[in-house]
Amino acid sequence: MGSNRPSAPIWSSEDAAVSITQTDLVFRMILCCGEALVDMIPVDLPAGGKAYAPHAGGAVFNTAIALGRLGVETGMVSGVSTDTFGRMLASQLEENGVSTAYLARSGRLTTLALVHIENGGATYSFYDENSAGRSLTFADMPALGDEVSALYFGGISLVAEPAADAYASLLAKERANRVVMIDPNIRPGFISAEHTYRDRLDRMIGQSDIIKVSDEDLDWLIEGEETIEIKAAAMRGRGPAIVVVTKGAEGATAFFGDASVGVAAPVTHVVDTVGAGDTFNAGFLAGLNDKGCLSKDALGSVSDDVIHHALSLGATVAAVTVSRAGANPPWASEINR
């Protein structure tokens with residue numbers, strides 16, 4: 001992924017301390033739990049034909065980077081290789097303000113994802129067998145410190161075993177004291193054992209506080225011709241306090257309590273959609289964090305205004321991402337917040 005980092009840092013621990021003093025909000029760590037991999041992006045060669053260029057990526061990695069760029073205290077739990085690509089992943093996290101203290105490093109190879117872009121949309125071919133990320137077990141999971149207030153899960157890390165079971169076990173262990181958000185980011189072509197995947201995902205959704213799905217994800221999870229509203233209510237019935245449904249250019253709607261709040265997608269020129277949903281998730285979490293609402297008690301009585309702020313920030317940062325090539329989320333200095 002490209003960095004487009006400003007020449008001077010836009011955020012530091014000193015900045016965070018000032019922000020806390022000014023707003024009386026407590027900023028604690030959001031821990032992104034899931035895949036960090038290398039996207040092989042097609043590029044045109046001067047003499048014709050294409051080659052593949054490596055870019056740090058992965059759905060959960062992208063969300064961690066986006067959170068770091070927004071100035072939110074962020075860390076990542078993932079199995080990351082000590083090979084050249086793995087060192088690139090760790091370096092990118094650090095350069096974007098994301099703590100690598102919770103990474104599980106190993107000598108296994110890095111997952112590669114060949115990206116195929118057509119009409120602005122992306123599909124992927126994964127090379128993941130015995131990789132550092134996929135081979136992660138619960139025994140590899142670090143003990144979490146008191147600074148971690150929220151956990152975010154998602155992507156292909158919830159599909160492939162043993163890592164998927166390891167993340168499910170981490171969620172089950174930590175959910176009582178920390179806010180949990182999940183974006184399953186379902187890729188049906190990557191799922192080989194659908195029954196096992198559905199069972200695991202249902203358990204995780206039932207233990208979560210926030211579930212974010214695209215309208216396509218929702219239709220895969222809950223089959224039938226019912227409306228989004230009915231399916232979102234059914235999803236909330238499984239356990240989450242908040243269900244967010246994104247609808248691409250039609251915006252996003254959150255369902256919570258007895259209410260629903262929606263926002264339109266900002267009008268922008270779309271270069272490609274790589275990382276759009278991942279960046280939206282970062283914006284939504286950052287928006288809740290802005291208002292001091294990343295706690296279970298706060299989410300239980302969250303207001304329409306807070307949800308609207310979080311949705312709007314998610315939509316705004318996602319719009320910036322789709323306006324430029326690849327998963328390249330904005331820095332805090334690029335947006336109004």
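A few words now on the overall build of the chain. Within the chain one finds ten helices and 15 strands. Here the C-alpha radius of gyration of the chain, 19 Å, is about what a compact globule of 337 residues would show, namely 20 Å. Put simply, the chain has 337 residues, and 52% of those count as buried. Of the contacts formed within the chain by residues at least 6 apart in sequence, a portion of 71% connects residues at least 24 apart. Accessible surface computed for the chain: about 14400 Å², of which carbon and sulfur atoms make up 50%. In the chain, 24 side chains carry a positive charge and 41 a negative one; their mean positions are 3 Å apart.

Relative to the 21 Å expected for 15 residues at 1.5 Å per residue, helix α8 (residues 276–290) spans 21 Å between its end C-alpha atoms, a close match to the ideal helical length. Taking burial as the measure, the 15 residues of α8 include 14 buried ones, the bulk of the element. In the segment just after α8, G292 is the residue with positive phi, at about 70 degrees.

Quick look at the side chain of N328 now. Inspection of the secondary structure puts N328 in the segment after α10 (304–322). Its relative accessible area of 5% is what places N328 among the buried residues. Of the polar contacts made by the side chain of N328, one reaches the side chain of R69; its length is 2.8 Å.

A separate point is the pattern of salt bridges. A pair can form between side chains of opposite charge whenever their charged atoms are brought close. Applying the stated criterion to the full structure yields twelve salt bridges. Among the ionic pairs, E223 bridges to R198, the shortest N-O distance being 3.9 Å. With a gap of 25 residues between them, E223 in the loop between α6 (215–221) and α7 (228–236) and R198 in helix α5 (residues 194–206) connect regions that are remote in the sequence.

By the criterion of burial, strand β11 (residues 179–183) is predominantly enclosed, with five of the five residues buried. Burial along β11 is two-sided: V179, M181 and D183 and V180 and I182, pointing in opposite directions, are all buried. Relative to β11, strand β10 (residues 148–154) runs parallel, the two sharing five bridges. Paired with G154 across the two strands is D183, which belongs to β11. You can see the chain leave β10, run along helix α4 (residues 163–174) and come back into β11, and the turn it takes is right-handed. One crossover worth recording links β11 to the parallel strand β12 (residues 210–214) by way of α5, and it is right-handed.

Another point: the pairing of strand β2 (residues 37–44). Summarising the sheet, β2 and strand β3 (residues 50–57) pair through eight bridges and their orientation is antiparallel. Bridge pairing links D39 to H55 in β3. Between the end of β2 and the start of β3, which pair antiparallel, lie five residues, with G48 showing a positive phi angle near 100 degrees. Pairing of β2 with strand β8 (residues 112–118) involves three bridges; the strand directions are parallel. Residue pairing in the sheet places D39 in a bridge with A113 of β8.

M76, I242, F284, L288, I307 and L311 are the most contacted members of the largest nonpolar core, which totals 54 residues. In terms of residue count, α10 provides more of this core than any other element does, nine residues in total. Look past the residues within four positions of L311 in its chain and what remains in contact with it is V244, A252, A254, V261, G262, V263, F280 and F284. The next biggest cluster of nonpolar side chains, apart from the first, holds 39 residues, and it includes M29, V77, A168 and V243.

Conventions we followed
Residues numbered from 1 in each chain as written. Predicted model: local features only at pLDDT ≥ 70, side-chain atom pairs only at ≥ 80, totals over all residues. Heavy atoms only, no water. Helix = DSSP H or I, 4+ residues; strand = E, 2+ residues; numbered from the N terminus. Rg over C-alpha atoms; globule rule 2.2 N^0.38 Å. Buried < 20%, exposed > 50% of the residue type's maximum accessible area, 1.4 Å probe, protein only. Contact = heavy atoms within 4.5 Å. Areas by Shrake-Rupley, 256 points an atom, 1.4 Å probe, with all protein chains shown as cover. Lys, Arg positive; Asp, Glu negative; His and termini not counted. Charge placed at Lys NZ, Arg CZ, Asp CG, Glu CD. Expected span 1.5 Å × (residues − 1). Polar contact = N/O pair within 3.5 Å; in protein donor to acceptor, adjacent residues only side chain to side chain. Salt bridge = Lys/Arg side-chain N within 4 Å of Asp/Glu carboxyl O. Pairing = 2+ DSSP bridges. Right-handed = clockwise from strand over helix to strand, strands pointing away. Core = buried A, V, L, I, M, F, W, Y, C linked by side-chain atoms within 4.5 Å.

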